[in-house]
2 protein chains.
Amino acid sequence: MKRRQFIKVAGAGLAAGAVASPAIAQSSPEVKWRLTSSFPKSLDTIYGAAEVFSKLVSEATDGKFQIQVFAAGEIVPGLQAADAVQNGTVESCHTASYYYVGKDPTFAFGTAVPFGLNSRQENAWFYHGGGQDLLNEFYKKYNIYSLPGGNTGTQMGGWFRKEVKTVADLNGLKMRIGGLAGRVLQKLGSVPQQIAGGDIYPALEKGTIDAAEWVGPFDDEKLGFNKVAPFYYYPGWWEGGAALHFFINQAKWAELPKNYQAIVTAAAGYANVDMQAKYDARNPGALRRLAQGGAQLRPFPLEVMEACNKAANELYTEIAKDNADFKKILDAYMNFRGDQYLWWRVAEANFDNFMIRATSARG
Amino acid sequence: MKRRQFIKVAGAGLAAGAVASPAIAQSSPEVKWRLTSSFPKSLDTIYGAAEVFSKLVSEATDGKFQIQVFAAGEIVPGLQAADAVQNGTVESCHTASYYYVGKDPTFAFGTAVPFGLNSRQENAWFYHGGGQDLLNEFYKKYNIYSLPGGNTGTQMGGWFRKEVKTVADLNGLKMRIGGLAGRVLQKLGSVPQQIAGGDIYPALEKGTIDAAEWVGPFDDEKLGFNKVAPFYYYPGWWEGGAALHFFINQAKWAELPKNYQAIVTAAAGYANVDMQAKYDARNPGALRRLAQGGAQLRPFPLEVMEACNKAANELYTEIAKDNADFKKILDAYMNFRGDQYLWWRVAEANFDNFMIRATSARG
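Bear in mind that the values here come from a model prediction, so they are computed numbers and not experimental data.

## Topic: the overall build of chain A
Stage number 1. The secondary structure content of chain A amounts to 14 helices and 11 strands.
Stage number 2. Taking the principal axes of its C-alpha atoms as reference, chain A extends roughly 95 × 45 × 45 Å.
Stage number 3. Classification of the 363 residues of chain A by burial places 60% in the buried group.
Stage number 4. Restricting to contacts in chain A with at least 6 residues of sequence separation, those with at least 24 account for 78%.
Stage number 5. Carbon and sulfur atoms form 51% of the exposed surface of chain A, whose accessible area is close to 13900 Å².
Stage number 6. Looking at charge distribution, chain A has the averaged site of its 38 positive side-chain charges lying 6 Å from that of its 35 negative ones.

Quick look at the structure:
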C-alpha cells in the first residue's frame, strides 16, 4: 500500500515537472531544427510551402518537433541553402535543386530540365517512377536526403521588350535566365544573364536586358514587368513543372526517431500538393489582371520551340558524355518522359483541350 | 538532495512500468479505427491509397493510432461506405463521393462532374479555392468530415463494341455508366446500366450491353475488355479528374487529439499526391499493352463531345432549380472552372501539346 501511494505521488510530480519516461522520450523527443528557404517571404506561395510543412510537423508532434523557417538571406543566401544543409549549418532547407547546377548539372533533374516532365509527371517520376530514389542516391554525395515539396506548374516564358517571331530573334537576345535553359539559349546566340529578382525591373526598363523570366502570373505580377516589357511569352519550356524539394542533412535525418521521419514524410507530401494547388488557384486572377494592365500574351512560335528543343537535346548529349551521374538519371528520365507523353496525348490532353475550347467559347 | 533522489528513482520505476504522465497520455492515446474502402483489393492503386494513409498514420504515432483497412464487402458493400461512416459502423472510409448521388446529386462535386475540373484543378479547388470547405459544410448533414485522398486523373471513355461516329450513334446505346454521366447520356437517347465490375465482361461479350466505362488503362487491363469491345474511347469527359476522399465520422474526428488530426491531415495529403502519381506511372505501360492486345484507340468525335457538354449543362440547370446545396456548389465550381481553363490554355496546355508533338515525332 505504502509503495503504491509512493509511486502515485511521484507520478504526479513528474507530470508537473514535464519529465518524460525514457520509452516515451525516445519516440517523442524535443527536437529543434532550422530550415532555410531559398525564397523571400514576398514569394508567399513558394515560401509558404516551408511554413505549411513546419506547421504540420509541429502540430503533429504537439510542438515537440519545431522546424523554424528562415527566409533567404536570414541565415545564408538563397542559392547557398543546399551548402548550409550539406555542412550542417542548418538541418534542412526548402529549395529548387536546379539552383546547384553549377556544382553538377545533375541537380537539374530535381526541379526541371528544358522540355522535361510537367508537374504531375514529375510527381509520378519521384514517387513511383524511381526518380526520388535516383535523386537521393545522387544527393547522398552532398550529405542530403530529399523529399518532394511543392511545384509551380508550367511556368511562363517571361517578359520580352520586343516580339520573338523567328529563331533569328533569339540571336543576341540578352535575357535574364539561368541554369540549363540559359545554356540552351546560348546555343541559339542569346546572352543569358544572372540578375537577382529585385534588379530585373530597372534592367528591363533601361534596356540593359531584352527579356527576363521569373515564375508565372501570380509571382510576376508583384514585380510589375508588364510596364517595361509588355510581351508575355509562354510556355516556359525550361520548366514544364518546377518542383521544389526539402533537403535534409543526412545525419540529422538518420537521428530522427521513425515516427518523426513518418511525420516529416507525410507533411512534405501535404506541402507538395498544397503548394501546386495554391499556385493553380492564384494564377488565373493574376493573369487576368496582368492582361488588363497591358501584358500582351504571346506563344513562342513553333519554330522557336523546335529549335530550342533541338538545342536542349544537344546539350544533354554533351553533358552526359563526361558526367556519369547525369547520364544515368537522364536516361531514366527520358525513358519515363516518353511513356508519360504517350499516355498524356490520349485522355489528359484531349480532355484539357476540349475544355479550353468549350469554356473559351462561353466567354 | 533527498527529494531529488526520490524523484529520480520514482522516474525509473515509472519508465519500467510504462505509465505515462497525464499530459502525454492525452496527446498520444491508443486509438483503433476501422476504415472501409469502397474498392476491392484488386484495384490496388485506388485501394492502395487507404493503405498508404493507414501506414503513415501508424508510423507517425508509433503504432498508437491504428486504422485497419477493409476492402469493399468485408464490412459493408463498397457503395455503402458513406452510410457506414454516417451511422458510426466504422470511423472512416475511402470512397468516391459521387457514389452517393442517389442521396443527393451534390455529392458529385467531391469526385467529378461531367466536363468539370481536371485532377490538378480539383486540388486547387479543394485546398485553395474554397471547395473543400463547401463540401464539408454539405457533408456535415451526413455526419461526415472529409479530406481529399487521391485522384485517378482523366479517365478513359470506356470500351465500345461499335464505333461512335455521330451523336446519333449514342441513341439506344446500352452503356454501363452511372451517376450524372448516365443522366447526361440519357438525354441523348442512351440507356445507362448499373452493372458491377465483375459482370461487365460477360455482358459486353454477349452484347447485353454495347459499351462500358471503368477507369483507365491500368485498371481496365485487368478486366480484359479489349477482347470483347475493341474500341477504346477517350477522354472520359465525365471525370476529367476523379477525386477520392477520406470520409471520417464527425464525432470521431472531433474526439481526436489535435496532433492526431494533424497527422491524419498530413497523411491524407500524402496519399492524395501518391495515388495520382501511381496511376500516372502505371497507365502508360498498360495503355501500350492494351494497344498491342487489340484495343483500338478512338477519340470521341467533337460533335459528340459538344452534344454531351450541352446536355450536361442542361442537366445542371435542371438539378439546381430544386436543390439549393447543388446550386450553391455548382455556381462556385463553375466560376472556378472558368478561371482555371483561362489559365490552362496558356502555359500548361501549350507545354503539354508541344511535348506530345515533339515526343511522338521521336517515336
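From this point, the narrative continues.
## So, the packing of helix α7 (residues 179–187) of chain A against helix α12 (residues 302–322) of chain A
Residue and element names in this part refer to chain A.
Stage number 1. Relative to each other, α7 and α12 sit at 115°, their axes nearing to 9 Å. In terms of orientation, α7 lies roughly perpendicular with respect to α12. For α7 against α12, the interelement crossing comes out right-handed. Between α7, through L180, R183, V184, L185 and K187, and α12, the contact on the second element is made entirely by C308, A311, A312, E314, L315, Y316, E318 and I319.
Stage number 2. Partitioning the contact of α7 with α12 into residue classes produces nine nonpolar, no polar and four charged.

## Regarding unusual backbone geometry
Residue and element names in this part refer to chain A.
Stage number 1. Cis geometry is found at the peptide bond from Y234 to P235, where omega equals -5°.
Stage number 2. Among the structural elements, P235 can be located in the loop between β9 (231–234) and β10 (243–249).
Stage number 3. Unusually for a residue other than glycine, D62 sits at a positive phi of about 55°.
Stage number 4. Of note, D62 is situated in the loop between α3 (44–60) and β2 (65–70).

## Considerations on the packing of helix α11 (residues 258–292) of chain A against helix α5 (residues 119–128) of chain B
For any two helices packed against each other, the geometry comes down to the angle between their axes and how far apart the axes lie.
Stage number 1. The contact between α11 of chain A and α5 of chain B brings their axes to 8 Å, and the two run at 95°. Considering their axes alone, α11 of chain A and α5 of chain B lie roughly perpendicular with respect to each other. Contact residues: α11 of chain A offers Y270, V273, D274, Q276, A277, K278, D280 and A281 of chain A, while α5 of chain B offers R120, N123, A124, Y127 and H128 of chain B.
Stage number 2. Residue composition of the contact of α11 of chain A with α5 of chain B, grouped by class: six nonpolar, three polar and four charged.

## What about helix α6 (residues 131–139) of chain A?
The α-helix winds at 3.6 residues per turn, so residues separated by three or four positions along the chain end up facing the same way.
Residues and elements named next belong to chain A.
Stage number 1. Counted residue by residue, α6 has seven buried out of nine residues, so it is predominantly covered.
Stage number 2. Of all the residues in α6, the buried ones are G131, Q132, L134, L135, N136, F138 and Y139.
Stage number 3. Looking at the buried residues of α6, the elements they touch are α5 (119–128), β4 (144–151), β10 and α13 (324–344).

## As for the side chain of N136 of chain A
Residues and elements named next belong to chain A.
Stage number 1. When you line up the elements, N136 lands in helix α6.
Stage number 2. Given the relative accessible area of 11%, N136 is considered buried.
Stage number 3. Once residues within four sequence positions are removed from consideration, N136 is found in contact with I144, Y145 and S146.

## Looking at the confidence of the model for chain A
Residues and elements named next belong to chain A.
Stage number 1. Of the residues in chain A, 92% reach a pLDDT of 70 or more, and the chain-wide mean stands at 92.
Stage number 2. Segment residues 1–25 is flagged for pLDDT under 50; beyond a separation of four residues in sequence, or across chains, it makes 18 contacts in the model.
Stage number 3. Across the assembled chains, the prediction reports ipTM 0.92 with pTM 0.92.

## Some points on the relation of the copies chain B and chain A
Each of the two chain copies can be brought onto the other by rotation about an axis and movement along it.
Stage number 1. Least-squares fitting of chain B to chain A yields an RMSD of 0.0 Å, with the superposition described by an axial translation of 0.0 Å and a rotation of 180°. On this basis, the relationship between the two copies can be described by a two-fold rotation axis.

## Considering the interface of chain B and chain A
Stage number 1. On the chain A side, the residues contacting the 88 residues of chain B number 88 residues.
Stage number 2. Both sides together, the interface formed by chain B and chain A hides about 7800 Å², and carbon and sulfur atoms give 70% of it.
Stage number 3. For the chain B face of the interface with chain A, the top three residues by lost area are R120, W343 and F351 of chain B, together amounting to 9%.
Stage number 4. The salt bridge partner of R288 of chain A is D339 of chain B, with a shortest N-O separation of 2.7 Å.
Stage number 5. Linking chain B with chain A are 17 residue pairs in polar contact (both at pLDDT 80 or more), by the criterion used here.

## Here's the deal with the side chain of T61 of chain B
Stage number 1. With respect to the element layout, T61 of chain B can be found in the loop between α3 (44–60) and β2 (65–70).
Stage number 2. Filtering out sequence-adjacent residues up to four positions away, T61 of chain B remains in contact with N259 of chain A together with Y260 and I263 of chain B.

## Section: the environment of T106 of chain A
All names here are of chain A.
Stage number 1. Tracing the chain through its elements places T106 in the loop between β3 (92–95) and α5.
Stage number 2. Taking C-alpha positions, T106 is 8.1 Å from F138, a pair spaced 32 residues apart along the chain.
Stage number 3. Leave out the neighbours within four places in its chain, and T106 touches F138, N323, D325, F326 and I329.
Stage number 4. Side-chain polar atoms of T106 contact the side chain of D104, separated by 2.6 Å.

## Considerations on the sheet that holds strand β1 (residues 31–37) of chain B
Residue and element names in this part refer to chain B.
Stage number 1. Taken in spatial order, the five strands make up an open sheet running β2-β1-β3-β10-β4, and their pairing is mixed. Looking at the sheet topology across the chains shown, the edges are occupied by β2 and β4 (144–151). The average undirected angle you get between the axes of adjacent strands in this sheet is 25°.
Stage number 2. The sheet strands contacting α5 are β4 and β10 (243–249), and the helix crosses β4 at an angle near 155°.
Stage number 3. The sheet contacts of helix α6 (residues 131–139) involve β4 and β10, and relative to β4 the element is tilted by about 135°.

## Here's the deal with α12 of chain A
Stage number 1. Here α12 of chain A is 21 residues long and its end C-alpha atoms lie 31 Å apart, about the 30 Å a rise of 1.5 Å per residue gives.
Stage number 2. Inspection of α12 of chain A places V304, M305, A307, C308, N309, A311, A312, L315, Y316, I319 and A320 of chain A among the buried residues, and these make up the whole buried set.

## A closer look at the packing of aromatic side chains
Residues and elements named next belong to chain A.
Stage number 1. By the definition in use, this model includes 60 aromatic pairs over all chains.
Stage number 2. Judged by centre distance (5.9 Å) and plane angle (50°), the ring pair of F138 and Y139 falls under tilted. Like Y139, F138 is buried.
Stage number 3. Through successive ring pairs, a cluster of aromatic residues spans F39, Y98, Y99, Y100, F107, F138, Y139, Y142 and F247.
Stage number 4. Over the ring of F70 we find R34; its NZ or CZ atom is 5.8 Å from the centre of that ring.

## Details of the sheet that holds β3 of chain A
Residue and element names in this part refer to chain A.
Stage number 1. Taking strand neighbours across the sheet as the criterion, the five strands line up as β2-β1-β3-β10-β4 in an open arrangement whose pairing is mixed. In the strand order of this sheet, the two ends are held by β2 and β4, each with one partner. Each strand of the sheet is rotated relative to its neighbour by a mean of 25°, with strand direction disregarded.
Stage number 2. As judged from the six bridges shared by β4 and β10, these two strands associate in the antiparallel manner. By the bridge assignment for β10, S146 is matched with F247.

Here is what the cut-offs are and how they apply
Residues numbered from 1 in each chain as written. Chains lettered and ligands numbered in written order. Predicted model: local features only at pLDDT ≥ 70, side-chain atom pairs only at ≥ 80, totals over all residues. Heavy atoms only, no water. Helix = DSSP H or I, 4+ residues; strand = E, 2+ residues; numbered from the N terminus. Buried < 20%, exposed > 50% of the residue type's maximum accessible area, 1.4 Å probe, protein only. Contact = heavy atoms within 4.5 Å. Areas by Shrake-Rupley, 256 points an atom, 1.4 Å probe, with all protein chains shown as cover. Lys, Arg positive; Asp, Glu negative; His and termini not counted. Charge placed at Lys NZ, Arg CZ, Asp CG, Glu CD. Axes fitted to C-alpha atoms, helices over the stretch in contact; angles between N-to-C directions. Parallel < 35°, antiparallel > 145°, perpendicular 65-115°, else oblique. Left-handed = near helix turned anticlockwise from the far one by under 90°. Nonpolar A, V, L, I, M, F, W, Y, C, P; charged D, E, K, R; others polar. pLDDT = per-residue confidence, 0-100. Least-squares fit on C-alpha atoms with pLDDT ≥ 70 in both. Buried area = accessible area lost by both parts, 1.4 Å probe. Salt bridge = Lys/Arg side-chain N within 4 Å of Asp/Glu carboxyl O. Polar contact = N/O pair within 3.5 Å; in protein donor to acceptor, adjacent residues only side chain to side chain. Pairing = 2+ DSSP bridges. Expected span 1.5 Å × (residues − 1). Phe/Tyr/Trp six-rings, centres within 6.5 Å; stacked < 30°, edge-to-face > 60°. Lys NZ or Arg CZ within 6 Å of the ring centre and 35° of its normal.

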